[in-house]
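An overview of the molecular structure
Spelled out from the first residue to the last, the chains are:
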Amino acid sequence: FPSHDNGPYMSNVLFVSAFLDIGRSTWETPYRVDSSQYIQYIEPMLLTIPQLMLFLEGGLYDHFVNLFGNDRIKPYHPPQTLMSHADTDQRIQQSSPFQEKCRALYPEGTLRPIELTRPLANIMGHNKVHFLKRAMDLRGGEPTHYVWIDVHYFRFADIPYWLVGGGYDFHETQIVTGVLS
């Protein structure tokens, strides 16, 4: 990857990401993750991907905008707009039909995925399109393509070569997914 067959390529790409502390440092193990761990991923992410717009809140914004400038770091406020889906997720997760399906898929004593047990775990998933749209509003028609990348992607030591230094050239119909190991 990337492959080079005949066809239009997305070489003018802006990667977009966001970080919101949803309080995982207070959750039970194995779901507990201290926010400082995520913060340790942000700087390498910004250093590795030159075309990255990152939305951050409060003190994190202040810290990283001083290091990387306000062209790449954008404030996100108010965080209440991110939380609008949490109540709906909580009602779904507490409903009898949902609980019955979870019990069928994950018998008692089986660890359930965090997205099925904690409403806030779905917040970023629900809002990726919002952040991509916000980046488009801020940057206008330049660049021509926008790609979401999760902050936790950088928890792995093996960063794909095509991300380093902006050497990416995606085919416009490609969707890149996967887990690094």
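Refer to the preceding data block for the structure.
The following paragraphs examine the structure supplied in this document.

Thresholds applied
Position labels on residues start from 1 in each chain and follow its written sequence. Restriction of local features to residues with pLDDT of at least 70 applies here, the model being predicted, together with a cutoff of 80 or more for giving and counting side-chain atom pairs; totals for whole chains, interfaces and linings are based on all residues. Note that the side-chain values use all heavy atoms of the structure and ignore hydrogens as well as water. A run of H or I in DSSP becomes a helix once it reaches four residues, and a run of E becomes a strand once it reaches two; helices and strands are each numbered from the N terminus. Each residue's exposure class comes from its accessible area (1.4 Å probe, protein chains only) as a fraction of the maximum for that residue type: buried when under 20%, exposed when over 50%, partly exposed otherwise. Two N or O atoms count as a polar contact when they lie within 3.5 Å, although within protein this holds only if one can serve as hydrogen donor and the other as acceptor, and sequence-adjacent residues are included solely when both atoms are side-chain atoms. We define the nonpolar core as a collection of buried residues of types Ala, Val, Leu, Ile, Met, Phe, Trp, Tyr and Cys that are connected through side-chain atoms lying within 4.5 Å of one another. Two residues qualify as a contact provided that any one of their heavy atoms is within 4.5 Å of a heavy atom in the partner residue. What counts as a ring pair is set by centres within 6.5 Å for rings of Phe, Tyr and Trp (its six-membered ring), and what kind of pair is set by the plane angle: stacked under 30 degrees, edge-to-face over 60, tilted for all other angles.

What follows concerns the side chain of Gln93. By the secondary structure assignment, Gln93 is in helix α4 (residues 86–94). Using a relative accessible area of 7% as the deciding quantity, one classes Gln93 as buried. Among the polar contacts listed, one links the side chain of Gln93 to the backbone oxygen of Glu115, at a separation of 2.9 Å.

This brings us to the nonpolar core. In a soluble, globular protein the nonpolar side chains are often hidden away together inside. Counting residues in each nonpolar core, the largest one holds 23 residues, and the members touching the most others are Ile42, Leu46, Leu56, Phe64, Ile73, Ile149 and Val151. Every element with two or more residues in this core is listed here: β2 (13–18), α1 (35–48), β3 (52–56) and α2 (58–68). Ignoring sequence-local partners within four residues, the contact set of Val151 consists of Ser17, Ala18, Phe19, Tyr38, Tyr41, Ile42, Met45 and Leu54. Counting residues in hydrophobic clusters, the runner-up holds 19 residues, among them Val16, Ile22, Ile123 and Trp148.

Moving on, we get to the packing of aromatic side chains. Under the defined criterion, the tally for this structure stands at 3 aromatic pairs. A centroid spacing of 5.2 Å and a plane angle of 40° characterise the contact between Phe55 and Phe131, whose relative ring orientation is tilted. Of this pair, Phe55 sits in strand β3 while Phe131 sits in helix α6 (residues 123–139); the two residues are 76 residues apart in sequence, bridging distant segments of the chain. What makes Phe131 buried here is its relative accessible area of 1%. In this structure an aromatic cluster arises from ring pairing among Phe55, Tyr76, Phe131 and Trp148.

With that settled, the discussion passes to unusual backbone geometry. Along the chain, Thr29 connects to Pro30 via a cis peptide bond; the corresponding omega equals 10°. Examined against the element boundaries, Pro30 turns out to sit in the loop between β2 and α1.

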